[in-house]
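Here are the chains, one letter per residue:
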Amino acid sequence: MKKKINVSVVCATHKGASKLKNLILSIYNNKIWPKEIVICGTSNSDLKYIKPRIISMLSIKFFKSSQKSQIYQRSIAINKSKSDYILQIDDDVTVQPNFFLKIKKYTKNKKIIDKKIIS
């Protein structure tokens, strides 16, 4: 298993199954992973293209939203996160190699006053 940093990735999605697959695979292919990925979507099928093994390894948590609102969905995901840092990413984004290594360097030796939002 890869090293994880104390960062939660939060994502809102609506009908984003194919987009989420690309995002999750780009995170999976990094050398360092976030502590968790919290996704709030409007359909239980939003994770249908992601293998259960990857869901488990990346600690992906999914919450179903009754509203199709990015702000509402992001709020749910942020409130469900368990890390000191929160990184909000849209469902159609792919992260570059070594992305979380750069985030690790940024968060290293930072004093936590309250949850920080990095976006």
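Residues numbered from 1 in each chain as written. Predicted model: local features only at pLDDT ≥ 70, side-chain atom pairs only at ≥ 80, totals over all residues. Heavy atoms only, no water.

Peer 1: Let's hear about the pattern of salt bridges: which residues, and what values?
Peer 2: One pass over the structure, following the stated rule, counts 3 salt bridges. Among the ionic pairs, K19 bridges to D91, the shortest N-O distance being 3.6 Å. Of the two residues, K19 sits in helix α1 (residues 17-28) while D91 sits in the loop between β4 (85-88) and α4 (99-107), which places them 72 residues apart along the sequence. Its relative accessible area of 7% is what places D91 among the buried residues. With a closest N to O distance of 2.9 Å, D90 and R74 form a salt bridge. A residue pair is termed long-range when its members are at least 10 positions apart, and D90 in the loop between β4 and α4 and R74 in helix α3 (residues 70-80) qualify at 16 residues. (Salt bridge = Lys/Arg side-chain N within 4 Å of Asp/Glu carboxyl O. Helix = DSSP H or I, 4+ residues; strand = E, 2+ residues; numbered from the N terminus. Buried < 20%, exposed > 50% of the residue type's maximum accessible area, 1.4 Å probe, protein only.)

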